[in-house]
Amino acid sequence: QVQLAESGGGLVQAGGSLRLSCTPSGRSFHRNGIAWFRQAPEKERAFVAVISWSGLRTEYADSVKGRFTISRVNNYVSLQMNNLKPEDTAVYYCASALDSSIPTNSNEYVYWGQGTQVTVSS
């Protein structure tokens, strides 16, 4: 069974940091674009960041630029989140594209993890 598993979420005060990890199983994703999305209560799932299979191309949502950094080593993708704000509170999901593309639209992602909760207190 193909799976992606997120870890590293938790409760942190505003200004703090967390590092999320995305671990695949069931198949290799080393040639696939991997992205992070988040969903806050009563809001739609929103794009956060994406990284190409090589790690050379990345894109970020404007709201996280300069604070979040996506990186990868082969199959394993991380999201370093610094200077966290209360508005970053959400369930964070990692997702894999079907190929090497790096779309920002969630509809173009095939494999999803179950999500990890990030809560930032003010």
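The structure contained in this document is the topic of the report that follows. (Residues numbered from 1 in each chain as written. Predicted model: local features only at pLDDT ≥ 70, side-chain atom pairs only at ≥ 80, totals over all residues. Heavy atoms only, no water.)

Here we look at the pattern of salt bridges
The condition is simple: A side-chain nitrogen of Lys or Arg and a carboxyl oxygen of Asp or Glu constitute a salt bridge if their distance falls within 4 Å. Buried means the residue's accessible area, taken with a 1.4 Å probe over protein chains only, is under 20% of the maximum for its type, while exposed means over 50%, and partly exposed covers the values in between.
Applying the stated criterion to the full structure yields three salt bridges. Taking the shortest distance from any N to any O, the salt bridge between Asp62 and Lys65 comes out at 3.2 Å. Note on Asp62: relative accessible area 66%, which makes it exposed. Among the ionic contacts, a cluster of salt bridges with common partners joins Arg38, Arg67 and Asp88.

Re the nonpolar core
What counts, and what does not: Definition used in this section: a nonpolar core is a set of buried Ala, Val, Leu, Ile, Met, Phe, Trp, Tyr and Cys residues joined via side-chain atoms within 4.5 Å. We count a stretch as a helix when DSSP gives it H or I for four or more residues in a row; a strand needs E for two or more, and each element gets its number in order from the N terminus.
One finds Trp36, Val48, Phe68, Leu79, Met81 and Tyr92 to be the most contacted residues of the largest nonpolar core, which totals 32 residues. Listed by contribution, the elements that provide at least two residues to this core are strand 3 (18-25), strand 4 (34-39), strand 5 (46-51), strand 7 (68-73), strand 8 (76-81), strand 9 (90-97) and strand 11 (116-121).

A few points about the state of the cysteines
Put simply, the test is: For this text, the term disulfide refers to a pair of cysteine sulfurs within 2.5 Å.
What the rule picks out here adds up to one disulfide. Bridging Cys22 to Cys94, the disulfide has an S-S length of 2.2 Å. Judged by the sign of its S-S torsion, about 70°, the bond between Cys22 and Cys94 is right-handed. In this pair, Cys22 is assigned in strand 3 and Cys94 in strand 9, connecting sequence segments 72 residues apart. Residue Cys22 shares its accessibility class with Cys94, and that shared class is buried.

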